[in-house]
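So the chains spell out like this:
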Amino acid sequence: PTPPPAQPGGSPPGSTTPPAYESTPPPGTPGGPPPGGPGFGGLGDMPTPGGPGGPGGSGQESAALRGNAAFKHPYTAVQAFLAALKAKDKDRLAQTTASRAPTEAEEKHRKIFAAIVEQSISDDELDEMAKALDGFKVMQVLPAKSTGRIGVVVAKRDGMDMLHRTIITRKEKEGWKVLDIDKAYDFKPGAIYRRPGQTNRKR
């Protein structure tokens, strides 16, 4: 749970940051658990920042992301999905998508995921999806909230703002694959949040 605002690590007073993004830091980083530690579903050796498969490392689009090894962790599964989308590789995109995405994703997303799995997605649809997720990098794996499903936070900078999305992965026979994609949240630095009805005070 998110600490109270007065405690270190808690939300600043008046913050509207979604609780999902105030979770455990990535393994191997300050304040985070060791790789494969509690809170990450016992995933084994999770990629760490600067290492192969981790943010800033050489594994973002490495050969490993093109094989079944990518499905070993939610982290690399999402990296492989994003790499396939960037390359507009319909075959690899289908491989990185959960077979149940057409029936278990949010209802408005089921049609596009069905087209991905069936490899019938049009070039225009693929271009639109690639544009929507262009520049996003994997930042953090969220604690599991249900058996077989884990959220992965991806983010990118847009000017002075940071855009965040949560990509839901599902554990299938071959490993972890992308099940759904949440909407984007735009965090603006230095924004002042006020309660409804609150007005500026005169100085």
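Quick caveat: nothing in here was measured; it's all calculated off a predicted structure. (Residues numbered from 1 in each chain as written. Predicted model: local features only at pLDDT ≥ 70, side-chain atom pairs only at ≥ 80, totals over all residues. Heavy atoms only, no water.)

Peer 1: Would you mind showing me how to read the confidence of the model for the protein chain here?
Peer 2: Where the model shows low pLDDT, its predicted coordinates should not be examined in detail. Here the protein chain shows a mean pLDDT of 74. Residues at 70 or above account for 59%. No element of the protein chain has a lower mean pLDDT than strand S5 (residues 185-187), at 65, and none a higher one than helix H3 (residues 101-104), at 97. For residues 6-61, every residue scores under 50 in pLDDT, and the model assigns this stretch 110 contacts once sequence neighbours within four places are set aside. Counting contacts from residues 191-196, a segment whose pLDDT is below 50, to residues more than four positions away or on other chains yields three contacts. (pLDDT = per-residue confidence, 0-100. Helix = DSSP H or I, 4+ residues; strand = E, 2+ residues; numbered from the N terminus. Contact = heavy atoms within 4.5 Å.)

Peer 1: How should helix H1 (residues 74-87) be read in this particular structure?
Peer 2: For an α-helix the count is 3.6 residues per turn, leaving residues at separations of three or four pointing the same way. An ideal rise of 1.5 Å per residue puts 20 Å on 14 residues; H1 measures up with 20 Å between its terminal C-alpha atoms. Most of H1 is tucked away: 12 of the 14 residues are buried. Of all the positions in H1, only Pro74, Tyr75, Thr76, Ala77, Val78, Gln79, Ala80, Phe81, Leu82, Ala83, Ala84 and Leu85 are classed as buried. Considering only its buried residues, H1 is in contact with helix H2 (90-95), helix H5 (123-132), strand S1 (137-141), strand S2 (149-158), strand S3 (161-172) and strand S4 (175-181). Backbone geometry just after H1 places Lys88 at a positive phi near 55°. (Expected span 1.5 Å × (residues − 1). Buried < 20%, exposed > 50% of the residue type's maximum accessible area, 1.4 Å probe, protein only.)

Peer 1: What is the right way to look at unusual backbone geometry in this model?
Peer 2: Note: most peptide bonds trans; most residues except glycine with negative phi. Positioned with a positive phi, Lys88 is a non-glycine residue whose angle comes to about 55°. Relative to the elements of secondary structure, Lys88 occurs in the loop between H1 and H2. Residue classification places Lys88 among the partly exposed residues on the basis of a relative accessible area of 42%. Unlike most non-glycine residues, Gln119 shows phi in positive territory, near 55°. With respect to the element layout, Gln119 can be found in the loop between helix H4 (110-117) and H5.

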